[in-house]
Amino acid sequence: MSEDRVDRIQAAWQTERPDVDVSPQGVIGRLHRIAAHLTEELVVVYGKFGLTEGEFDVLAALRRAGTPYERAPGEIALHTMVTTGAVSKRVDRLEQAGLVLRMRSSTDGRGRVVQLTPAGRRLIDKAFTAHMANEQRLLAGLSTAQTSQLEALLKTWLTDLEPPD
């Protein structure tokens, strides 16, 4: 296997600080670099549909909700892992584009919900299909077995890092 940037960084630290175990960089450093590459590749697809990463997340959270494709802003925040303030800004933009509507909740007259418009549903369905094709392309360098193994390892690790819902 050829040397990569992380190998070179670890070697430099090993020279400068032989007293510190730098082996975690082998995983963390590579994951950090992979995440940056993935984000770059993912946002290209979102952009083809006129969306930012955050806007895609909001539309996807609404689409996953099922009919009638609506959620309260707080629910959207939970399903996108951002603050309600950030959700509000994203919803503003999506509402201006005619992709979502803000409306009173049918179950709680005081509450507000955000709902996908038909145009929003059509857009997120197209964008999501392209997004999944892009993710498959990004994983193409791994075998099915490697992908399954990596997914299992990452799930175990993430479950340890994130509190249960």
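For the structure itself, look to the data block above.
These numbers come from a predicted model, not from an experiment. (Residues numbered from 1 in each chain as written. Predicted model: local features only at pLDDT ≥ 70, side-chain atom pairs only at ≥ 80, totals over all residues. Heavy atoms only, no water.)

Along the protein, the regular secondary structure elements total seven helices and three strands. Start at the N end of the protein and walk to the C end: the helices and strands fall as α-α-α-β-α-α-β-β-α-α. Relative to the 2.2 N^0.38 estimate, which gives 15 Å for 165 residues, the radius of gyration of the protein is 20 Å and therefore markedly larger than a compact globule would have. Counting only C-alpha atoms and orienting by the principal axes, one finds that the protein spans roughly 65 × 30 × 30 Å. Across the protein, contacts joining residues at least 24 apart in sequence account for 46% of those joining residues at least 6 apart. Treating the 21 positive side-chain charges of the protein as one cloud and the 22 negative ones as another, the clouds have centres 9 Å apart. (Helix = DSSP H or I, 4+ residues; strand = E, 2+ residues; numbered from the N terminus. Rg over C-alpha atoms; globule rule 2.2 N^0.38 Å. Contact = heavy atoms within 4.5 Å. Lys, Arg positive; Asp, Glu negative; His and termini not counted. Charge placed at Lys NZ, Arg CZ, Asp CG, Glu CD.)

Turning next to the nonpolar core. Within the largest apolar cluster, 21 residues are counted, with the highest numbers of intra-cluster contacts made by Leu51, Phe56, Leu59, Leu62, Leu94, Val100 and Leu116. If you list the elements that add at least two residues to this core, you get α2 (24-48), α3 (53-64), α4 (73-80), α5 (84-96), β3 (112-116) and α6 (118-139). In terms of residues, this core owes the most to one element, α3, which gives five residues. Sequence-distant contacts of Val100, that is, excluding residues within four places in its chain, are made with Leu59, Leu62, Val91, Leu94, Glu95, Val114, Gln115, Leu116 and Thr117. (Core = buried A, V, L, I, M, F, W, Y, C linked by side-chain atoms within 4.5 Å. Buried < 20%, exposed > 50% of the residue type's maximum accessible area, 1.4 Å probe, protein only.)

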